[in-house]
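One letter stands for each residue in the lines below.
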Amino acid sequence: MCQTPDWSSGDQYLRENATELAPLIEKFSPCTLQPKNEKEYFEILLTGIVAQQLPPDVSQALMQKLELLLGKPVTPQAVLNANAEDFAALGLAPQKIDYMKNFAQSIVCGQITIEKFKDMSDTQISKQLLQIRGLGQWTIEMFLLLALCRTDIVPSADFIFKKELQSLMNLNEIPKRGQINKITEHWRPWRSLAVWYLWQNADAKAKK
């Protein structure tokens, strides 16, 4: 399993180099993100495939049904051993079933090397996962940030983050990828931590 980053060092760096984040750090520190167990990686990424274009409650219910059918955590071999009819009975569309089977096969045959992720760079992991149909940019960025706890991820496909960044920086429009990279350059190498604080702020506002 990956080591938990020293988030307190990240706090200190951001306080000194990104003063606009200081109020959020004071309010929401310390960061509670911890890396997930390697045994969970496949199911986490599989959830990204299942959840595409579905409301969160629907995708969550589907994953619970999958765990009842295949066991927890769901493994690549369990997905390959199950019949397409079993998945269809849970409410999964044929295309998603195909994506799930292909993803499982890619791990079993060694195309995707989950067991080596802890020693691979963010770019290397992204390149591997982008080969998989059904895994998009948002899912991969969320996996790198939330499951692996990589410290310098900017989820430029995440709407909540972009909306919070717009508010933080007083931008007229929601920023696009290129603009986001420029705006957040001075957060390196702790951009993931800054994103987490923006998420906490969005969550706090939603609960008011």
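Quick note: structure is the one above.
As the structure is a prediction and not an experimental result, all values here were calculated from the model. (Residues numbered from 1 in each chain as written. Predicted model: local features only at pLDDT ≥ 70, side-chain atom pairs only at ≥ 80, totals over all residues. Heavy atoms only, no water.)

Draft legend 1. Up close: the overall build of the protein. Helix and strand counts for the protein come out as twelve helices and zero strands. Sequence-ordered secondary structure for the protein, helices as α and strands as β, is α-α-α-α-α-α-α-α-α-α-α-α. For 208 residues, the compact-globule formula gives about 17 Å, and the C-alpha radius of gyration of the protein, at 18 Å, lands near that figure. Considering only C-alpha atoms, the protein reaches an extent of 55 × 35 × 30 Å along its principal axes. (Helix = DSSP H or I, 4+ residues; strand = E, 2+ residues; numbered from the N terminus. Rg over C-alpha atoms; globule rule 2.2 N^0.38 Å.)

Draft legend 2. Region of interest: the environment of Thr4. Structurally, Thr4 can be placed in the segment before helix H1 (7-17). The class of Thr4 is partly exposed, set by a relative accessible area of 42%. As a C-alpha pair, Thr4 and Arg150 span 146 residues in sequence and 9.1 Å in three-dimensional space. Sequence-distant contacts of Thr4, defined by excluding residues within four places in its chain, comprise Leu33, Gln34 and Pro35. (Buried < 20%, exposed > 50% of the residue type's maximum accessible area, 1.4 Å probe, protein only. Contact = heavy atoms within 4.5 Å.)

Draft legend 3. Region of the structure containing the packing of helix H9 (residues 137-147) against helix H12 (residues 191-206). At a minimum axis separation of 11 Å, H9 and H12 run at an interaxial angle of 95 degrees. Viewed along their axes, H9 and H12 adopt a mutual orientation that is roughly perpendicular. Within the contact between the two elements, H9 uses Met142, Leu145 and Leu146 and H12 uses Ser192, Val195 and Trp199. (Axes fitted to C-alpha atoms, helices over the stretch in contact; angles between N-to-C directions. Parallel < 35°, antiparallel > 145°, perpendicular 65-115°, else oblique.)

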